[in-house]
Number of protein chains: 2
Amino acid sequence: MFSPLIEDLIRALRCLPGVGPKSAQRMAMYLLEKDRDAAGLLAATLELAVQKIGRCGLCRTLTEEDVCSLCNNSRRDEKSLCVVETPADVLAIEQAGNYHGRYFVLHGHLSPIDGVGPADLGIDLLERRLADEPVGELIIATNPTVEGEATAQFIAERARACGVAVSRIAHGVPIGGELEYIDGGTLAHAFNSRTAFYTGG
Amino acid sequence: MFSPLIEDLIRALRCLPGVGPKSAQRMAMYLLEKDRDAAGLLAATLELAVQKIGRCGLCRTLTEEDVCSLCNNSRRDEKSLCVVETPADVLAIEQAGNYHGRYFVLHGHLSPIDGVGPADLGIDLLERRLADEPVGELIIATNPTVEGEATAQFIAERARACGVAVSRIAHGVPIGGELEYIDGGTLAHAFNSRTAFYTGG
Ligand SMILES: [Zn+2]
Ligand SMILES: [Zn+2]
C-alpha cells in the first residue's frame, strides 16, 4: 500500500532485533516524516560501521582500530586474561568495575551442530597469547549454558596444557536475588558450589 | 567503553522511536556480529529513501513518484476525497477496505503553538483540487483530538465556501469494545452523537 521504496525501507528495518512489521512501519514513518537528518546520519554511520569495524588483533573485540583501546591501555594488568563470548560481555564486566586485566572475545561458543569449532572462536590466537604473554591466570567467563560450559571445559584444558592457571567465574544466586524466585537449576548449582563459612571442630 | 564508531552507531540507532540505550546497543551488536549484509542493505535503503521519497503532487502522501499509485489509479472514485493527518492513516483506511475514493494527506494538524498553519498542511492545494476536480463529498478523517477537531472545522468551512458537501467520520464506541472499558470522553461523545433506532409514534 505504501510506495515500493517505503516498503523496501520497512522490510530493511525489520532486520533489527525486536522489530516487527508494526514497529518497522512506525520507524519508517517517523524517519521520513519527522527526522530526515537523523535518518541520513543513521544511514551514513551504519555504512561506515559496516565498512570499518573489524576485530582487535589481540582480543578480537569489535573495533575500527587494529588494536582496541583496552589492549592498548598499558595500565591494564597483563597477568590476568578473561575469556568472554561477546563484546557486550566485556562491557558488562567493565561496568561491574572490579576487573582490571585483559580480555579475549570468542564471538560465540563451541557448537558442533552449527559448525562452530575452535578455529571460529580464535582458540589458536588465544593459545599464542598464553604462550607469548606473561599471563598468570586465565579467567573463563563464558555463559553458564550447556554450550558455554563445554567451551569453558575445552579452553581450560588447552590453557592447562600451556601451564597457565585457569579459573571460572562463580555462578549462583544473584546478589539481592530472592531464593523464592530463582530457577531450580541455578539453586542446585548454588548448593553444589557452596563455599565453607565455618568449618567446625 | 565500545570504540568511538560503535558508540556513534549506538547513538544513531537511538533516533529510532521506541529505542532506548539498551535496545540500541543490542541492535548495534546484532548488526555487527550477526548480520552485516542486512546492516549494509538498511544503510543503502535508508539513504535512498531519504534522497528519493517526497510527496505526491496531488494528495501529498509520501512517495518516490511525482504522483502516487493511488492518485494514478483511474478506478478510484474521483467524487470522494478523504482528508487524513498522516500517510499511515491512508494505510489504515485502505486496510479497512470499504472506501474507494481519493485522499489528501495533511502531514499533521493545525497547531498555532508549534507554528503549524494552513500553508503547512497544503490547504491551498486542497482548495485547488476542490475547485478543479468533480469532488462531490469531502470526508474529513482527522483524529478526534482537540487539534484534529479544530483542523476538521477549519477545512469544513473552506470546503463549504467551495460549495462541496463535507462530512466527518463517526466517532464513538469501537465495534467489539466493551462499554466498561471505554474512556468517559468517548462514551460522552457516543451519547451526544447517537442515531435514531426507532422514532416512536
Ligand atoms: Zn583488544
Ligand atoms: Zn497521491
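Just so it is clear, the structure is predicted and the values come from calculations on it, not from any experiment.

### Here we look at the relation of the copies chain B and chain A
Here's step 1: For the pair chain B and chain A, the best superposition has an RMSD of 0.0 Å and corresponds to a rotation of 180° with a translation of 0.0 Å parallel to the axis. Put plainly, the chains are arranged around a two-fold axis. Identified as the residue of chain B closest to the rotation axis by C-alpha distance is A43 of chain B, at 2.1 Å.
Here's step 2: Residue by residue, 100% of the interface of chain B is reproduced at the interface of chain A, so both copies engage with the same surface.

### Structural notes on the coordination of the zinc ion (ligand 2)
Residue and element names in this part refer to chain B.
Here's step 1: Every protein donor of the zinc ion (ligand 2) is listed here as C56 (SG), C59 (SG), C68 (SG) and C71 (SG), and their distances to the metal cover 2.3 Å.
Here's step 2: Mapping the donors of the zinc ion (ligand 2) onto the primary sequence yields the spacing C-x2-C-x8-C-x2-C. Across the pair, C59 and C56 agree in class, each one buried.

### Overview of the coordination of the zinc ion (ligand 1)
Residue and element names in this part refer to chain A.
Here's step 1: Surrounding the zinc ion (ligand 1) are the protein donor atoms C56 (SG), C59 (SG), C68 (SG) and C71 (SG), at 2.3 Å.
Here's step 2: The coordination sphere of the zinc ion (ligand 1) comprises four donor atoms, whose angles at the metal cover 106 to 118°; the geometry is tetrahedral.
Here's step 3: If you list the donors of the zinc ion (ligand 1) from N- to C-terminus, the spacing comes out as C-x2-C-x8-C-x2-C.

### Overview of the packing of helix α5 (residues 87-96) of chain A against helix α2 (residues 21-33) of chain B
Here's step 1: The N-to-C vectors of α5 of chain A and α2 of chain B enclose an angle of 145°; their axes lie 10 Å apart at closest approach. Residues P87, A88 and L91 of chain A of α5 of chain A touch α2 of chain B, and the partners they reach there are Q25, M29 and E33 of chain B.
Here's step 2: A per-class count over the contact of α5 of chain A with α2 of chain B returns four nonpolar, one polar and one charged.

### Looking at the side chain of R76 of chain B
Residues and elements named next belong to chain B.
Here's step 1: With respect to the helices and strands, the residue R76 is situated in the loop between α4 (69-72) and β3 (80-84).
Here's step 2: Residue class for R76 comes out buried when judged on its relative accessible area of 12%.
Here's step 3: Within polar-contact distance, the side chain of R76 engages the backbone oxygen of H100 at 3.4 Å.
Here's step 4: Dropping the residues within four chain positions of it, R76 is found in contact with L70, E94, Y99, H100, G101, R102 and Y103.

### Describing the sheet that holds strand β5 (residues 137-140) of chain A
All names here are of chain A.
Here's step 1: Spatial strand order, β4-β3-β5-β6: four strands in an open sheet with parallel pairing. Edge positions in the sheet fall to β4 (102-105) and β6 (165-168), since each has one partner strand and no second. Across the sheet, the mean angle from the axis of one strand to that of its neighbour is 25°, orientation sign disregarded.
Here's step 2: Contacting β3 (80-84), β5 and β6, helix α7 (residues 146-161) runs over the sheet at an angle of about 165° to β6.

The rules we used
- Residues numbered from 1 in each chain as written.
- Chains lettered and ligands numbered in written order.
- Predicted model: local features only at pLDDT ≥ 70, side-chain atom pairs only at ≥ 80, totals over all residues.
- Heavy atoms only, no water.
- Least-squares fit on C-alpha atoms with pLDDT ≥ 70 in both.
- Contact = heavy atoms within 4.5 Å.
- Donors = N, O, S within 2.8 Å, 3.2 Å for Na, K, Ca; no water.
- Buried < 20%, exposed > 50% of the residue type's maximum accessible area, 1.4 Å probe, protein only.
- Tetrahedral: all angles 85-135°; square planar, octahedral: opposite > 155°, others 65-115°.
- Axes fitted to C-alpha atoms, helices over the stretch in contact; angles between N-to-C directions.
- Helix = DSSP H or I, 4+ residues; strand = E, 2+ residues; numbered from the N terminus.
- Nonpolar A, V, L, I, M, F, W, Y, C, P; charged D, E, K, R; others polar.
- Polar contact = N/O pair within 3.5 Å; in protein donor to acceptor, adjacent residues only side chain to side chain.
- Pairing = 2+ DSSP bridges.

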